[in-house]
Amino acid sequence: MGDMADTPSFPRHSARTQRFTLGVPRAFSIAPDGTRIAFLRGKHGTDTATCLWVLDPGTGAERLVADPVALLGGAGEELTDEEKARRERSRQGAAGIVGFAVDAEARHAAFTLSGRLFVADLTAADPARAVRELDAAAGVADPRPNPTGTHVAYVAAGALRVIGIDGSGDRALAEPETDTVTYGLAEFIAAEEMERFRGYWWAPEGDRLFAERADEAPIQTWHISDPANPGNEPAAVRYPAAGTNNAAVSGVVLGLDGSRVDVSWEDSSPYLTTVHWSAGGDPVLGLMNREQTRITYALLDPDSGMVTLHSEESEPRWVDIFTGVPAWVSGPDDGDDDASASLVTVGAREGANRVLLDGEPLTPPELQVRSVLAVGEHGVQFTASADDPAEVHVFLASRDGVVRQLTETFGVHSAAFGADLAVITSTSFSEPGSTARVVRVDEDGDTKDLCTVGNVAERPGLKLNATMVRLGERGLRGVLILPTGHVPGTKLPVLMDPYGGPHAQRALAAHNMHLASQWLADQGFAVLVVDGRGTPGRGPEWDRAIYRDFAGPVVQDQVDAVQAAAAQHPDLDLTRVAIRGWSFGGYLSALAALRRPDVFHAAVVGAPVTDQRLYDTCYTERYLGHPDTEPEVYRRNSVVNGTEPSGWSSQQRPLMLIHGLADDNVVVAHTLRLSSALLAEGRPHETLLLSGVTHMTPQEVVAENLMLLQVDFLKRALSSTER
């Protein structure tokens with residue numbers, strides 16, 4: 001990792017490097033013969049033009065395959081609406097080649113630039129001859145070669161199309177019947193809330209595919225305006241708010257020979273969570289009911305379109321969706337050609353999220369499974385936490401239930417598997433950045449280091465002065481960050497810096513995750529980052545402690561944490577406590593200051609969900625139910641009910657509200673309604689509305705000034721003597 005000669009301020013440096021992620025290798029794809037590994041990375045730590053590379057695992061030599069700047073002739077990227085939406089849903093801030101897909105042999109890679117389709121031969125020795133542009137329809141999104149490497153499917157203008165790998169025979173396999181229909185794209189809910197970013201899957205023979213058909217006609221239309229440019233028409237978006245209609249989702253099996261088989265399933269399972277189609281067994285669909293208390297794993301007959309039940313996972317509160325499952329794992333190689341495959345899923349058993357093999361636990365209850373990474377001849381590779389949710393490790397479970405841990409260092413680890421190789425990515429609490437090691441894995445789970453993938457990310461210039469802590473009777477996991485050079489005995493105002501909600505952790509053993517908090521600490525604060533009930537990593541009951549009650553547990557855990565931390569560290573001044581957050585963290589910050597002003601004396605509230613009825617169906621209804629049947633639950637868990645205060649204390653605390661006007665996930669109406677309610681009550685607050693900014697982080701100048709303005713607000717707010 002390289003150093004900068006002239007380091008800018010930390011906030012600008014962080015924004016310029018996209019939180020020091022530019023230059024970090026990612027998206028590894030390993031050839032089944034183990035001779036090459038394709039991956040993405042920029043040329044340096046501020047290079048947003050992500051390139052496609054190939055690594056020789058035997059020598060460690062890297063070869064540049066595709067440079068987007070050269071392929072576009074130096075012209076800037078022009079993104080289609082579909083590509084903008086895909087990047088927003090996946091929180092992808094980089095540019096260039098942000099994703100690629102390969103055939104079964106990892107010989108051909110397909111990717112898109114400015115809506116144009118490119119194919120790279122990953123085995124070509126001459127880089128000048130490795131990449132070809134195919135004469136595809138305009139506006140290409142999500143291109144994927146078939147497993148046999150003869151064709152590439154892609155989406156353009158809502159149609160699912162296919163073209164020969166040599167550029168011949170471009171044609172539509174399915175075209176939208178109306179302007180609200182798309183084929184082969186994940187609808188908003190799948191991408192935003194299920195982490196499913198794709199909408200079609202090739203058959204292993206490469207002669208047909210299963211595609212999602214989504215019709216957004218049932219969804220209500222909202223309008224996102226651009227007040228800074230009043231001449232512009234408001235953007236019309238289909239937004240499925242809680243209690244309203246979702247997209248109508250069904251499927252279709254499309255053949256390269258022009259055949260079409262329509263696929264539908266019961267209306268009681270409207271959510272398509274995932275699809276798995278491999279040589280190991282029949283295509284499997286994950287289907288979930290709207291209440292999200294049941295996931296059905298259904299087998300699809302691609303010839304008839306019939307869907308039949310294989311198994312299901314149910315829970316009276318909600319079931320979780322795990323990446324990597326369902327998946328088929330082959331039966332034991334005992335010479336029996338009829339040895340059956342088993343279905344790998346993840347479900348809650350005996351207080352733990354466990355890998356299941358045909359419904360029976362494969363992993364022990366001491367491990368909390370996070371995701372399935374791969375299935376192969378040696379078993380199931382997965383990530384999990386043991387007794388510490390701050391750590392995430394990589395494990396291998398054989399079919400006979402023997403589990404081996406492949407990573408050891410205190411930190412957060414993940415991996416990509418292929419052949420007998422793995423690329424293990426690791427971050428630690430003590431050192432900045434990350435590493436990506438290529439290792440050989442034998443059938444016993446023993447690893448042998450082969451080489452390291454180059455990481456050219458910039459160094460942050462900050463060193464953490466941080467301690468991981470356990471707080472209170474619930475053992476809340478947290479990170480306490482003090483100013484660099486802090487002198488013990490010096491009282492410090494406290495800044496709580498949580499996310500605090502489902503699906504995301506902040507108190508992880510990952511150095512770079514806490515850099516912004518360290519910078520804030522260096523402005524004169526003791527910063528405390530705490531994961532409370534509802535955050536992942538501690539098991540099903542911990543996750544579900546927020547069922548029908550977002551507001552109570554999440555605020556109480558922050559209260560308990562700061563009080564327990566002050567008891568352990570007397571330098572924390574409980575007469576000066578502020579809280580800041582974004583998205584769910586913004587919601588939590590608003591609740592904390594408005595409902596517990598006895599503890600929290602100021603709040604920075606970024607892009608908050610303030611009225612739960614305005615957020616989307618899948619997320620909100622999972623935890624709070626349907627607003628028509630649970631109106632009191634929605635009122636109790638909202639910051640405002642319309643523009644009326646909900647559960648506010650009479651004591652007033654200053655708030656800074658921040659929101660992007662172009663946010664199509666948490667729309668700006670949330671903040672405007674909160675501001676109106678605060679104004680009606682005569683309560684002090686400041687509002688920063690960001691023109692052209694979505695739910696993602698803004699550009700570097702804006703990001704820097706936002707941090708500086710937050711610090712200025714917090715110091716002013718906490719300087720008041722009235723507590």
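In what follows, the accompanying structure is described. Per chain, residues are indexed from 1 in the order of the written sequence. For this predicted model, a pLDDT threshold of at least 70 governs which residues receive local features, and a threshold of 80 or more governs which side-chain atom pairs are given and counted, while totals over whole chains, interfaces and linings are taken from all residues. Hydrogens are left out, water is left out, and the side-chain values use all remaining heavy atoms of the structure.

In this model helix H7 (residues 551–568) runs 26 Å from its N-terminal to its C-terminal C-alpha over 18 residues, within 8% of the 26 Å that 1.5 Å per residue would give. Buried residues are those whose accessible area, probed at 1.4 Å on protein chains only, stays under 20% of the maximum for their type, while exposed residues exceed 50% and partly exposed ones sit between those limits. Put simply, DSSP marks the helices as runs of H or I at least four residues long and the strands as runs of E at least two long, and each gets a number from the N terminus on. Buried residues of H7: Ala551, Pro553, Val554, Val555, Asp557, Gln558, Val559, Ala561, Val562, Ala564, Ala565 and Ala566, and no others. In this scheme, a helix's expected span is set at 1.5 Å multiplied by one less than its residue total.

Each aromatic ring pair is characterised by the separation of its centres together with the angle its planes make. Note on aromatic pairs: the rings of Phe, Tyr and Trp (six-membered ring only in Trp) are paired at centre separations within 6.5 Å, and the planes decide the class, stacked below 30 degrees, edge-to-face beyond 60, tilted for the rest. Counted according to the given criterion, the structure contains 19 aromatic pairs. Look at phenylalanine 550 and tyrosine 619: their rings are 6.1 Å apart centre to centre, the planes differ by 45°, and that puts the pair in the tilted class. Placement of the pair is phenylalanine 550 in the loop between helix H6 (540–543) and H7 and tyrosine 619 in helix H9 (residues 617–624), with a sequence separation of 69 residues. With a relative accessible area of 7%, tyrosine 619 lands in the buried category.

The next point concerns the pairing of strand S39 (residues 492–496). In terms of burial, S39 is a largely internal element, five of the five residues being buried. Pairing between strands requires that DSSP locate at least two bridges from one strand to the other. One ladder, built from five bridges, connects S39 with strand S41 (residues 572–582); its direction is parallel. Note on S41: the bridge partner recorded for proline 493 is aspartate 573. Sheet topology note: the S39/strand S40 (residues 526–531) ladder contains three bridges and is parallel. Counterpart to valine 494 in the pairing with S40 is alanine 526. Clockwise travel from the first strand over the helix to the second, with the strands pointing away from the viewer, marks a crossover as right-handed. Note that the unit made of S39, helix H5 (residues 515–521) and S40 has a crossover that is right-handed.

Let's shift gears to the sheet that holds S39. The mixed open sheet is built from eight strands, whose spatial order is S37-S38-S40-S39-S41-S42-S45-S46. Pairing within the sheet leaves two strands with one partner each, and these edge strands are strand S37 (466–471) and strand S46 (685–690). Sheet twist, expressed as the mean angle between neighbouring strand axes with direction ignored, is 20°. Of the strand pairs in this sheet, strand S38 (residues 476–481) and S40 are connected by five bridges, and their pairing is antiparallel. Looking across to S40, one finds that leucine 480 is bridged to leucine 528. Sheet strands in contact with helix H11 (residues 669–680) are strand S45 (655–660) and S46, and its direction is about 155° off that of S45. Axes, fitted as lines to C-alpha atoms, cover a helix only where it is in contact. Angles between the N-to-C directions of the axes lie from 0 to 180 degrees. Note on contacts: a residue pair qualifies if any of its non-hydrogen atoms lie within 4.5 Å across the two residues.

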